[in-house]
Amino acid sequence: EKQQHFDDFYEDVYEEMAKFGDIDEMRVCANLSEHLTGSVYVKFFEDEAAQQALASAQERFYEGRPIKVEFSPVTDFGYARCRPFERNLCDRGDFCHFMHVHHVGDELYRRLRERRRGSRGDNARSPRDEPRERFDDR
């Protein structure tokens, strides 16, 4: 059930952001440290798409909670992720200052990857129809 809830969230956010352009990567942090809790990082292929997504998400809400958006100086998520966490070896736990990336389920990954291949016609790295009514403009 926890994985299904996460997959629903991931798909909602991915599809909402994909309205503005093709997404290169999207990462959701599982950390509890103050600067990473609830963080979602979306990297677009085009800077203009990122600017439009940022402007659209300002002062919006997801399931009644405000969305805080900003540009990130991180351009390569590979350097920001915690490699020991990926091998279940992180000794800092949930309060690690490197990204503990929560992964989507296999079924969602395959479905979104196929949908993406159909729309882009390529094998871009990150896979990910209309979001459920969880986003709103208050």
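Residues numbered from 1 in each chain as written. Predicted model: local features only at pLDDT ≥ 70, side-chain atom pairs only at ≥ 80, totals over all residues. Heavy atoms only, no water.

**Points about the confidence of the model for the protein chain**
Mean pLDDT over the protein chain: 84, with 85% of residues reaching 70 or higher. Predicted confidence in the protein chain is weakest over strand E6 (residues 135-137), with a mean pLDDT of 55, and strongest over helix H2 (residues 47-57), with 96. Scored below 50 in pLDDT, residues 123-133 makes 41 contacts in the model with residues more than four places away or belonging to other chains. (pLDDT = per-residue confidence, 0-100. Helix = DSSP H or I, 4+ residues; strand = E, 2+ residues; numbered from the N terminus. Contact = heavy atoms within 4.5 Å.)

**Side note on the packing of aromatic side chains**
Under the definition given, this model contains 4 aromatic pairs. Look at phenylalanine 9 and tyrosine 62: their rings are 5.3 Å apart centre to centre, the planes differ by 85 degrees, and that puts the pair in the edge-to-face class. Of this pair, phenylalanine 9 sits in helix H1 (residues 2-18) while tyrosine 62 sits in strand E3 (residues 60-62), and the two are 53 residues apart along the sequence. Its relative accessible area of 12% is what places tyrosine 62 among the buried residues. Considering the side-chain rings of tyrosine 10 and tyrosine 14, the 6.2 Å spacing of their centres and the 15 degrees angle between planes classify their relative orientation as stacked. With a gap of 4 residues between them, tyrosine 10 and tyrosine 14 both fall in helix H1, about one helical turn apart. Here the two residues tyrosine 10 and tyrosine 14 agree in accessibility, since each one is buried. (Phe/Tyr/Trp six-rings, centres within 6.5 Å; stacked < 30°, edge-to-face > 60°. Buried < 20%, exposed > 50% of the residue type's maximum accessible area, 1.4 Å probe, protein only.)

**Points about the environment of phenylalanine 77**
By the secondary structure assignment, phenylalanine 77 is in helix H3 (residues 77-80). A relative accessible area of 5% places phenylalanine 77 in the buried class. For the pair phenylalanine 77 and arginine 27, spaced 50 residues apart in the sequence, the C-alpha separation amounts to 8.1 Å. Setting aside its immediate chain neighbours within four residues, phenylalanine 77 contacts Glu25, Arg27, Tyr41, Val42, Lys43 and Met99.

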